[in-house]
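# Report on the structure
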Amino acid sequence: MWQESYEADLCGHVYCNNLGRALPGTPWQYCPVQLFYERFHRPMELIPFLAGYLRHPRMEHLVKMGFYALVTEMVYGYSHQNFLDETQNRTHRILKVAAEDIPYLRDIDVSEQLLRMFQEYYRLNLKDRHRLLDWQIKNKVQRDVLSILAYMTVHKMIRYLDEQNSFLCVRKTQHGTLRYKNMQEVVSEYRDYLDMCQKQKYDMRNSFVLYPRDLQKAHDKVAHRIKLKADAKLRKDFKIAYQRIMKQLDFEWNSMKIVYPSSLEEIIAEGHALHHCVGSYVDRVAKKECIILFLRLCEEITKPFYTIEVRNQKVIQVRGMKNDNATPEVQKFMDQWTSRVLQAPVVSKAA
């Protein structure tokens, strides 16, 4: 699976009638293959499932409790370690959540990504965490939520963002395109706005600051003030930040290449040229909270094309003209750069 050019007779329907005779006396005597297969009743690769059973001592328990998406990712996906505690016997302890959360998580057939988010909500003893995750699933929101919740309750955040989304996602720019295409973009803009306000030492308990009537206008106003406040120390810190990574993230492929900004003004100019808010990120770059890089076409190396934000060795966003998402060709470049350069051990500390 997952390899277009690979063929083998490994995937097919499972004949279950003789499993009661085939599995006893083997390491898979209690392997829940029949229960898992009958849940989906479609062709499956059996060998990875049997191997996964040997690696995961609580796989049988999770299948019987109805957590099929988690088991599927454990067996067939690229599941990471440590999101489960397989030394435990109780379901909520295995999943690292509260006992009262189990029916809800089972009902939504929680995935690893959603479970990781929910575990953090449980760790923080967040109220309305079921409602929050439902809202995120409905609106396809995957990031920036906790940064916002540092200033408000789940209820107030959802109410405000729903109100803003209702008119921001239909408002067009002067170029006739939408600035916000979905709720995730509104959430990220709100996180950026609150972050900028906090760094400008605004009163973060003031409802006028927290809930501006027009998020877009409020965001752009604060971003403009930040640009005007860039001083000598900021410029010095910016230069030091890029000295750490210079040459380590170089990459050229398929007529595109990575380019480093040489100054604060270049990042601000990039935002102006592409009509997005990267200019407000210069303070974060100077404080080593993120890295801003430019993606350029080799034949137009000085012309703004796409802007990249990197945090903790991960690509957070790739934005083109008017906040456009990456095209398929740009995404292929980003996938190559991420796997071959960004995640290489040599840049782990730099990026």
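Residues numbered from 1 in each chain as written. Predicted model: local features only at pLDDT ≥ 70, side-chain atom pairs only at ≥ 80, totals over all residues. Heavy atoms only, no water.

### Quick notes on the environment of G279
- Locating G279 in the fold gives a position in the loop between α16 (264-274) and α17 (282-286).
- A sequence separation of 122 residues divides G279 from M157, and the C-alpha atoms of the two residues are 26 Å apart.
- Aside from chain neighbours lying at most four places away, what touches G279 is K227, I267 and I268. (Helix = DSSP H or I, 4+ residues; strand = E, 2+ residues; numbered from the N terminus. Contact = heavy atoms within 4.5 Å.)

### Quick look at the confidence of the model for the protein
- Per-chain confidence: the protein averages 89 in pLDDT, with 93% of residues scoring 70 or above.
- Least confident of the elements in the protein is helix α15 (residues 232-245), whose mean pLDDT is 83; most confident is helix α7 (residues 102-107), at 97. (pLDDT = per-residue confidence, 0-100.)

### Focus: the sheet that holds strand β4 (residues 256-259)
- Ordered by their spatial adjacency, five strands build an open sheet running β3-β4-β5-β6-β7, and the pairing between neighbours is antiparallel. In this open sheet, the two strands that pair with only one neighbour each are β3 (252-253) and β7 (314-319).
- In this structure, β3 lies alongside β4, joined through two bridges in antiparallel fashion. By the bridge assignment, W253 is partnered in β4 with M256. (Pairing = 2+ DSSP bridges.)

### Quick word on the pairing of strand β6 (residues 306-311)
- Counting buried residues in β6 gives five out of six residues, a clear majority hidden from the surface.
- Where strand β5 (residues 291-297) and β6 come together, five bridges link them in antiparallel fashion. Bridge assignment links L295 to a residue of β6, and that residue is Y306.
- The pairing of β6 with β7 spans five bridges and is classified as antiparallel. Bridge pairing in β7 places V310 opposite V315. (Buried < 20%, exposed > 50% of the residue type's maximum accessible area, 1.4 Å probe, protein only.)

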